[in-house]
Every structure is written in C-alpha cells, then in structure tokens.
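Structural features, examined
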Amino acid sequence: GWKKFAKASAVTFVTLFFDPIGIGANGPTTAGWKFFKVCRDKQIPGTIQTYSLIYTTAATGIMVSSIDVDFSNLIGVIIAAGIGAAVGGPLVSRLNLSKLRLYIGICLIFVAIIIVLRTSGILGDTTGNTATGVYGWKLAVMLIVAFVFGALMMIGVGIYAPMMCTVALLGMSGDAAYPLMMGTCVLLVPIGSIVFIRESIHAEIPAYDRKVTIAGNTFGFLGGMCGTWVILTIIDTLDVSLLLYFIACVIVVLSALMIYQGVKKQTDVLADAEDEEFARLKAEWLEAH
C-alpha cells in the first residue's frame, strides 16, 4: 500500500541525491530497501535497474553538456558498459534466492572496500590532473573496467566508485569522471531494465518491483536532479568523506546480513508477507465474484 510507496520514495530520493556526488546509489539503495523492508531480495537486482531510468538519462545529458570529456572516451565506456549489462543481466535474472544473496553480499563487500580506498586516497587522487581523456592502453583499461562493472551492476554493484578510481589512476581530471560514470549508465540501465522486464512478462512474480520502480522514477528522479545541481555548483565546498565512511560501514553490515541469509537459506520475510496479502486479496475477490 501507500506505506511501501512512501518508504520507497524516501529511500530513492535520498540515495539518488547523493548518487551524482560520486557516492553511488546501488549500495546505499540496496541497504535502504533491505533495512526498511521495501523490496524483496529476489527483486533487488531488477529494481536497481528500472528505478532510475529517467534520472540516469536526464543527469547524463546535464553532465555531458556541462563538463568537458573526450567524446571517444565517453562513447567507448557507454558501449562497453552496455555490452557488459547485456551479458550479465540474463545470468543474474536466473539465480535462485540463496545464490543471489551470496553474490550480492560478496559484491557489496567489494564496493565498501573501493569506497574506503578511494576516500582515503589510496586508489588515486585527481588533484592536479587536467586530462579530459586517455588513449592507447589506458583507454583499453578503462573500457575493460566499464565492461566488467557493467556486468556486475546487474547484481547491484555500482559502477561509479570503480570508474572514479580508474579515472584517478589513469591520470584524468576528477571532473571528467562525472560524465563518464553517468554515461556508462545511460545504456546499461535501459539494457538491464529490458532484460528484467522481459523476464517478468509471463512470470507469476515479476523480476522487479513495479511500485518501487514508479517511486524511483518520480521522487528518486527529483532527488537525483537536486544532487546533480549540487555537484555542478557547490560540491567543491563540501567534505563528504565522513559520509562515505559511514555508508561503507552500512554496506558491510548489509553484506554480512545477505551472506548469512544466503548460507542459512532463510526465506524472505517481506516476500512471505506480500504473498500472504496477495492470497488474501485474491480469495476475497474470488468470493465476491
């Protein structure tokens, strides 16, 4: 009912607000959905793709038109990430609940490690870098990263933090990371969405949550646009390092919970509650008709 829509709207507004700043939305959004019982575990990978379609498209257009980046680099990472999504999406959509939880938990630990290493400066610092593009072997490395994390994003691993680390390590300007990391999503998110939507057409239970998708593409979109304004105006005056460390801790807790539930093969409490409610409503409807 409306409570689920309200929780989904609040979570996606907050997480997509911080998304363009470079924190990334996938890990925090998964944590929010899990802790506030918004989305079934089995539907998290599919909903992660569908809930941000409008925001991703709009933010990419704004970033690309506002920040200088080499056009060949941009097109290259978009195509590479899109191919990765096309490869990874069908594999993820066929995983059972226990395996899905295990893979999400393991990948989230990796995300938390990247966030900590990038925030501490161990994985590169863009201070003083002015290059808006790379070529030769450096471009090949960037394309490989885009492909790999395009595939991993289908299970919920965000591409933002890895792309920002790659940009720093390759000697590019920190500003160039924003259109690149947004650009990767402009193709891989629709491709991933199509995969999960097609899997849902004839399924008894969809591979994504339609109500959460609507919330994300309305209130989440508004949050993302506010965050995009922040990154283009006042981001240089903000220190978000403490927030990043806090988010990394939350993601670690979530990953431990996912792995534990996957190993123990526990049922999804939210899924059980929704199925019970649906069965009751269906019985009432059949009785009335």
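Predicted model only: the values in this text are computed from it and were never measured. (Residues numbered from 1 in each chain as written. Predicted model: local features only at pLDDT ≥ 70, side-chain atom pairs only at ≥ 80, totals over all residues. Heavy atoms only, no water.)

Secondary structure assignment for the chain yields 12 helices and 0 strands. Walking the chain from its N terminus toward its C terminus, one meets helices and strands in the order α-α-α-α-α-α-α-α-α-α-α-α. On C-alpha atoms alone, the chain measures out to a radius of gyration of 19 Å, which is about the 19 Å that the 2.2 N^0.38 rule sets for 289 residues. Projected onto the principal axes, the alpha-carbon positions of the chain cover approximately 70 × 35 × 35 Å. Burial status across the chain gives 52% buried among its 289 residues. Taking as baseline every contact in the chain between residues at least 6 positions apart, the subset at least 24 positions apart corresponds to 85%. Of the roughly 13,400 Å² of accessible surface on the chain, a fraction of 69% belongs to carbon and sulfur atoms. (Helix = DSSP H or I, 4+ residues; strand = E, 2+ residues; numbered from the N terminus. Rg over C-alpha atoms; globule rule 2.2 N^0.38 Å. Buried < 20%, exposed > 50% of the residue type's maximum accessible area, 1.4 Å probe, protein only. Contact = heavy atoms within 4.5 Å. Areas by Shrake-Rupley, 256 points an atom, 1.4 Å probe, with all protein chains shown as cover.)

Here we take up the nonpolar core. Across soluble globular proteins, nonpolar side chains show a tendency to be buried alongside one another. Core analysis: the largest hydrophobic core is formed by 73 residues, its most contacted members being Trp 33, Met 142, Ile 155, Ile 159, Leu 180 and Leu 188. Among the elements that take part in this core, helix α9 (residues 177–200) stands out by supplying 9 residues, more than any other. Residues in contact with Leu 180, not counting those within four places in the same chain, are Val 69, Asn 73, Leu 74, Val 77, Met 142, Met 163, Val 167 and Met 172. (Core = buried A, V, L, I, M, F, W, Y, C linked by side-chain atoms within 4.5 Å.)

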